[in-house]
Amino acid sequence: GENVEQHPSTLSVQEGDSAVIKCTYSDSASNYFPWYKQELGKRPQLIIDIRSNVGEKKDQRIAVTLNKTAKHFSLHITETQPEDSAVYFCAASINTGNQFYFGTGTSLTVIP
Amino acid sequence: DTAVSQTPKYLVTQMGNDKSIKCEQNLGHDTMYWYKQDSKKFLKIMFSYNNKELIINETVPNRFSPKSPDKAHLNLHINSLELGDSAVYFCASSQASWDGYTFGSGTRLTVV
């Protein structure tokens, strides 16, 4: 089955700096890569996703890049704000499969 | 008008008891899931149902039994609760594994 690795497990940045979280996957058939943000005590919520037919996608301060050859994808958050502090999960799935495979999560702390 | 609703939100119970968690989605999705999130925040899939049919049954103790009376509902019954069952249990739904999940608000189960 698919194996998704996520790094780093914890990340602290100063407010206004950028944050980058990286994930790798093992199954070259994976073609959908969502990112979830989970604030303390809340549910994970989809913040951005990318499909394998594109290399980059942006939504205001967040962007995701995908390198299919190297089988890795990354989440970039620019101009970080304290409300960006949360646990972020990457995931991968195959459109003929039945589930997502989640990474182990990155706890991001933005220091005011 | 909550999309995926779980009840109860908190559940404190003694070892050996039997308890149920209920989940309902009003998104018209075909697939529903149960995930367990432990203290390290790792999201581990337990079960998945597609249109009332069990399609994923990960290695979980057979004390855990899912039931899907219709495609909008997926309940989780746990027999003979153990201390190690303490975790947050999330229900989720999706139209397909290549679409994002919508998570419920979670049920924090504490076994004492």
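See the structure printed just above.
What comes next concerns the included structure.

What counts and what doesn't
Numbering of residues begins from 1 in every chain and follows the order in which that chain's sequence is written. Throughout, the order in which chains and ligands are written sets their labels, letters from A for the former and numbers from 1 for the latter. In view of the model being predicted, local features appear only for residues whose pLDDT reaches at least 70, and side-chain atom pairs are presented and counted only at 80 or more, with totals across whole chains, interfaces and linings using the full set of residues. With hydrogens and water set aside, each side-chain value is computed from the structure's full complement of heavy atoms. Any two strands are treated as partners once DSSP identifies two or more bridges connecting them. The helix and strand labels rest on DSSP assignments: H or I over at least four residues marks a helix, E over at least two residues marks a strand, and numbering proceeds from the N terminus. For helices, the axis comes from a line fit to the C-alpha atoms of the stretch in contact; other axes are also lines fit to C-alpha atoms, and the angle between any two N-to-C directions lies between 0 and 180 degrees. The rule for a disulfide is simple: a pair of cysteine sulfur atoms within 2.5 Å. Throughout this description, buried means an accessible area under 20% of the type-specific maximum (1.4 Å probe, protein chains only), exposed means over 50%, and partly exposed covers the range between. Two residues form a contact once any of their heavy atoms are found within 4.5 Å. Salt bridge, as used here: a side-chain nitrogen of Lys or Arg that lies within 4 Å of a carboxyl oxygen of Asp or Glu. Two N or O atoms count as a polar contact when they lie within 3.5 Å, although within protein this holds only if one can serve as hydrogen donor and the other as acceptor, and sequence-adjacent residues are included solely when both atoms are side-chain atoms. Classification used: nonpolar for Ala, Val, Leu, Ile, Met, Phe, Trp, Tyr, Cys and Pro, charged for Asp, Glu, Lys and Arg, polar for all others including Gly.

### Some thoughts on the pairing of strand β5 (residues 45–51) of chain A
All names here are of chain A.
Part 1 of the reasoning: Across 6 bridges, strand β4 (residues 32–38) lies against β5 in antiparallel orientation. The partner of F33 across the bridge, within β5, is I50.
Part 2 of the reasoning: Counting the residues that bridge the hairpin from β4 to β5 gives 6 residues, and of these G41 lies at a positive phi of roughly 75°.

### Here we look at the sheet that holds strand β1 (residues 4–7) of chain A
All names here are of chain A.
Part 1 of the reasoning: Read across the sheet, 5 strands follow the order β1-β3-β8-β7-β6 without closing on themselves; strand pairing throughout is antiparallel. Looking at the sheet topology across the chains shown, the edges are occupied by β1 and β6 (56–59). Adjacent strand axes in the sheet meet at a mean angle of 15° when their direction is disregarded.
Part 2 of the reasoning: As paired elements, β6 and strand β7 (residues 62–67) share 4 bridges and run antiparallel to each other. From the neighbouring strand, D59 faces β7, where its bridge partner is I62.

### Some remarks on the state of the cysteines
Part 1 of the reasoning: Taken as a whole and judged by the stated rule, the model has 2 disulfides over all chains.
Part 2 of the reasoning: Across a sulfur-sulfur distance of 2.0 Å, C23 of chain A and C90 of chain A are joined as a disulfide pair. With the S-S bond torsion at -100°, the cross-link from C23 of chain A to C90 of chain A turns out left-handed. Highlighted residues: C23 of chain A in strand β3 (residues 19–25) and C90 of chain A in strand β9 (residues 86–92), separated in sequence by 67 residues. Per residue, the accessibility class of C23 of chain A equals that of C90 of chain A, and both read buried.
Part 3 of the reasoning: Here C23 of chain B pairs with C91 of chain B through a disulfide, and the sulfurs are 1.9 Å apart. Its S-S torsion of approximately -75° makes the covalent link between C23 of chain B and C91 of chain B left-handed. Separated by 68 residues along the polypeptide, C23 of chain B in strand β3 (residues 19–25) and C91 of chain B in strand β9 (residues 87–94) bring together distant segments of the chain.

### Quick notes on the interface of chain A and chain B
Part 1 of the reasoning: Tallying the contact residues gives 19 residues for chain A and 22 residues for chain B.
Part 2 of the reasoning: Here chain A and chain B share 0 salt bridges between them.
Part 3 of the reasoning: Joining chain A to chain B, the criterion identifies 5 residue pairs in polar contact (both at pLDDT 80 or more).
Part 4 of the reasoning: Elements supplying a minimum of two residues to the side of chain A that touches chain B: β4 and β5 of chain A.
Part 5 of the reasoning: With 3 residues, β4 of chain A is the single largest residue contributor to the side of chain A that touches chain B.
Part 6 of the reasoning: Each residue belonging to the side of chain A that touches chain B can be placed in one class, and the counts come to 8 nonpolar, 8 polar and 3 charged.

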